Amino acid sequence: MAASVPELLPYAKIREDLFRPLSSGSSRYWITVFAALAVVVLGMAAWGIQVRDGMGVTGLNRPVFWGFYIVDFVFWIGISHAGTLISAILRLTDAAWRKPVTRAAEAITVFCLMIGGMFPIIHLGRSWLFFWLIPYPNPRMLWPNFRSPLLWDLVAILTYVTGSVIYLYLPLIPDMAQLAEHNVPWRRKLYRILSLGWTGSDREWHALERAMKLMACIILAVAVSVHTVVSWDFAMSIAPMWHSTIFGPYFVSGAIFSGIAALLLVLGILRRALGLELYLTKHHFDNLSKLLLLMSLLWFYFTFAEYQTVWYGNEPSEMAVFAGRIRGLYAPYFWIMVVCNFVVPFVLLGIRKLRTISTAMISSVCVIIGMWLERYIIVVPTLGNPRMNTASGVYTATWIEFAITAATFAGMIVLYLLFSKLFPIIAVWEFKPHAVEED
Amino acid sequence: MSIDLDRCTGCEACVVACHAENNLPVSSPDQAEKGRTAHWIRVDRYYEGEFPDVKVKYRPVLCQQCDNAPCEPVCPTYATYHNAEGLNVQVYNRCVGTFYCANNCPYSVRFFNWFAPEWPEPLQLQHNPDVAIRPAGVMEKCTFCVQRIQRGKRDAVVENRPLADGEIQPACVQSCPAEAMVFGDLNDPESRVSKLAGSGRSTQLLGELGTKPKVFYLERAK
Amino acid sequence: MYLIADFREQPKLEAAILALKAAGITADDMDVFSEEPVELRRGILDRPSRMSLVSVLGAIATGGLATVGLYAAQQSYRLVTGGMPIFSFWGTGVISYEATMLGAVLATFGWFLWESGLLRKRDKNIPVPTVLPGVMCLRVRCFDPHVTRARQILDSAGATDIARKEVA
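### Details of the overall build of chain C
- Of the regular secondary structure elements, chain C holds four helices and four strands.
- Secondary structure elements in chain C, listed N-terminal to C-terminal, are β-α-β-α-α-β-α-β.
- Its C-alpha radius of gyration of 25 Å places chain C more than 25% over the 15 Å reference for a compact globule of 168 residues.
- In terms of its C-alpha atoms, chain C occupies a principal-axis envelope of roughly 80 × 35 × 30 Å.
- Taken across its 168 residues, chain C has 38% of its residues classed as buried.
- Long-range contacts, defined here as pairs at least 24 residues apart, represent 83% of the contacts in chain C between residues at least 6 apart.

### Remarks on the sheet that holds strand β4 (residues 160–165) of chain C
Residue and element names in this part refer to chain C.
- Read from one edge of the open sheet, four strands run β2-β3-β1-β4, paired in antiparallel fashion. Two strands in the sheet have a free side with no partner beyond their single neighbour: β2 (30–33) and β4. Neighbour to neighbour, the strand axes of the sheet diverge by 20 degrees on average, direction disregarded.
- As paired strands, strand β1 (residues 2–7) and β4 are joined by five bridges and run antiparallel to one another. Within β4, the residue paired with L3 across the bridge is R164.
- Across the sheet, helix α1 (residues 10–22) lies against β1, β2 and β3 (136–141), angled at about 10 degrees from β3, the strand it touches most.

### A look at the environment of N125 of chain C
- Its location among the elements puts N125 of chain C in the loop between α3 (89–115) and β3.
- With 41 residues separating them in the primary sequence, N125 of chain C and E166 of chain C have C-alpha atoms 9.0 Å apart.

### Examining the interface of chain A and chain C
- Taken together, the contact pairs 46 residues of chain A with 45 residues of chain C.
- Of all the elements in the fold, those that place two or more residues in the side of chain A that touches chain C are α7 (149–169) and α10 (202–235) of chain A.
- Top element by residues in the side of chain A that touches chain C is α10 of chain A. It accounts for 17 residues.
- Tallied by class, residues from the side of chain A that touches chain C come to 26 nonpolar, 11 polar and nine charged.

### Some details on the interface of chain B and chain A
- If you look at the interface, chain B gives 33 residues, while chain A gives 33 residues.
- Elements with a contribution of two residues or more to the side of chain B that touches chain A: α3 (100–104) and β6 (111–112) of chain B.
- Across the side of chain B that touches chain A, the residue classes tally to 22 nonpolar, eight polar and three charged.

### Some remarks on the environment of A262 of chain A
Residue and element names in this part refer to chain A.
- Within the secondary structure, A262 is located in helix α11 (residues 247–273).
- Under the C-beta neighbour-count criterion, A262 is labelled buried, with 27 such atoms within 10 Å.
- Taking the C-alpha atoms as reference points, A262 and S364, 102 residues apart in sequence, are found 6.6 Å from one another.
- With near-sequence residues (within four places) excluded, A262 lies in contact with I79, A82, I108 and I368.

### Digging into the domain arrangement of chain C
- Per the domain assignment, the segments making up chain C are domain 1 (2–35 + 131–165) and domain 2 (51–115).
- Each of domain 1 of chain C and domain 2 of chain C has a C-alpha centre, and these two points are 47 Å apart.

### What about the nonpolar core?
- Ranked by internal contacts, the top residues of the largest apolar core, which has 205 residues, are A104, I108, I260, L263 and L264 of chain A.
- Of the residues forming this core, the biggest block, 16 residues, is contributed by α10 of chain A.
- In contact with A104 of chain A, not counting residues within four places along its chain, are L263, V266, L267, L270 and I425 of chain A.
- In terms of nonpolar packing, the next biggest core, distinct from the first, is built from 25 residues, A5, F7, L45 and L138 of chain C among them.

### Some remarks on the pairing of β3 of chain C
Residues and elements named next belong to chain C.
- Burial runs high along β3: five of the six residues are buried.
- Pairing analysis gives four bridges linking β2 to β3, with the strands arranged antiparallel. Across the sheet, V32 pairs through a bridge with L138, a residue of β3.

### Quick word on the packing of helix α5 (residues 102–116) of chain A against helix α16 (residues 399–422) of chain A
All names here are of chain A.
- Running from amino to carboxyl end, α5 crosses α16 at an angle of 140 degrees, the nearest separation of the two axes being 10 Å. Here α5 is positioned oblique relative to α16, judged by the angle of their axes. As for how α5 packs across α16, the hand of that crossing is right-handed. Facing A107, F111, C112 and I115 of α5, the residues of α16 in contact are T408, G411, M412, L415, Y416 and F419.

Calculation criteria
Residues numbered from 1 in each chain as written. Chains lettered and ligands numbered in written order. Predicted model: local features only at pLDDT ≥ 70, side-chain atom pairs only at ≥ 80, totals over all residues. Helix = DSSP H or I, 4+ residues; strand = E, 2+ residues; numbered from the N terminus. Rg over C-alpha atoms; globule rule 2.2 N^0.38 Å. Buried ≥ 20, exposed ≤ 12 C-beta atoms within 10 Å, placed from the backbone. Contact = placed C-beta atoms within 7 Å. Pairing = 2+ DSSP bridges. Axes fitted to C-alpha atoms, helices over the stretch in contact; angles between N-to-C directions. Nonpolar A, V, L, I, M, F, W, Y, C, P; charged D, E, K, R; others polar. Domains from an automatic or database assignment. Core = buried A, V, L, I, M, F, W, Y, C linked by C-beta atoms within 7 Å. Parallel < 35°, antiparallel > 145°, perpendicular 65-115°, else oblique. Left-handed = near helix turned anticlockwise from the far one by under 90°.

Right, here's the structure in full:
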């Protein structure tokens, strides 16, 4: 039996391995969940303080009106592009190695969007009135301003969330049907409802495959537009070094970059935690590492092009921001970002001998840190160096912003852990595409 | 509005008058250090030369009420828009605090209410009843003393006469000891402000951005 | 009356289906149940689908509706912002685009639920075979004169375990 090719393992073993995490729950698991929940509660308390006392409890000021929250927003929406790339593009190109990876990726997308979508509410001065951005008929006959990029954000993210949830749910249906014979009563009921009465007939399979192929194309189109629209929050303004045409492609490629890093990290952890060494092999991590390296090179290209054109143009208000980023106050963050995003992946993943699962995970962590710093470098120095330099200022985040940021990471952990306990993290039916004879 | 930079002495009477007229909250040294003061009109100082040949230039900067205001299209709730009179209005009730308008203003003339406003006793007795007190979480900026504009227009209607040029004066214009500021109707070619705006000394701050500001700075051409 | 036959090899299943079609049983009366999707060769058991068309139509409809809605909203609330025209397609085109995509998503999902039969009222009397891993179940609906012929075909094609279920 060729254990190196998991598809050839006996079907019963595959099902057992992939369904086992759903029933077993170690104490390590529950401790992690509760610790993460504690951090989430702390973050929510911090937000409560902010709502009660006003935005002054953050480090925001004039002129730096956008800080951690917007950085986090762009960061999380960016990571959500993991699922789209892996699932959609690899499905469309029919790359076989994507099979154990798709559901984990799609789950990342949905949860990151849910978390990232909280920030447009959290960062508001009057958060409780966020619903005024939603166009609904009201007695005052007021409409929101559809020309504002923030409205574009709203529509884009809503569309992406809807599409991603459906895209996650569709391939889940057959697995739900298989799990509907589960032994715990409440799970049985849950799975039966979610399986929508799936019987496995060829009509259903045909419809499902057609739907998934269509959804892959659509979700790809949506994902590209979503992060472009998020980037246009900055590019549509006339602030120096924001008003740049490169932002659309820059942000989309940066999003895919951070998304792959997150996916790599999550898969590496899942592999160890759920005992999936047979299914998530070195081959998968090798391919993901190569993709990460490719996106790192692309990121470097875009960043270099952006800074080169600003430097050569030598326009005073832009050069003030440029100097701040490269040599000034923000220089440490800038150069750490370059090391994390480019140097580390280039060395660890570019040199074949160094490319292992562990170095891939180290690179992923570096990239995630680097991409968070990249968003920070984009948002804060521009605002800190406005055109009227009598108004320049410095931003120092407070514990409130740190707490809320930490809470989002913890929230992601909680959501993902709960998901892996309720649903198989690898799509069983996709894993074995052809009916194989049982021995 | 036109501001004669050759007359401005940098005394900041305009700043104080604006505070008094528009119920601007008083900041604390702590908050000021964090960059949270609000001065709807501020006087920027530019130093040229080395001691003892130092020259200081003063430029009062307030909301330029741009015709192509960059702050207007980006507000998702229409809390700031251009009214029929050409004013860039700020509707406090509609602001949810997205901060986008402030980021897009190239003149940095927008201010946020970081906390509920406070005044040390007995300053709260001095409030202008014609001007709203802004709650926490709302953006604010110079309104060209819209309450005085409304009062002036109403008085003219009640007394059944046309508005005279120079009758309405925002607090800053009224308080300037050097009479450097002139306020009026730019649509009226005979008004004093139109004549000054059309003069050879008239410039615009950051005019090259295409914002079409309605504040004209008069300065000697170099 | 339903015949349910288990197959373990795909070529045999395909041969059986072709033989049944030659004997006069239509594709509508045949269903294949399996735990993974079975890729039958083209022409054997094709299911025509309108999903792409529905998706495109849904996209166009929602996108058009959104654009019209935007126009109506902007016109009813004519506030000038920054010198921009009251309605400009470029100012709100992103929203039209996203609405188009949302329409495609919802239309695809909705049509999937319909076309797969998941959303349709199921006739509880029709037997649904429980599928074991690695097994492909062929369910054939046939009436009395054809039953024996069908059984013969299934047998000679190499089916294991042919069951006969009456509709209650």
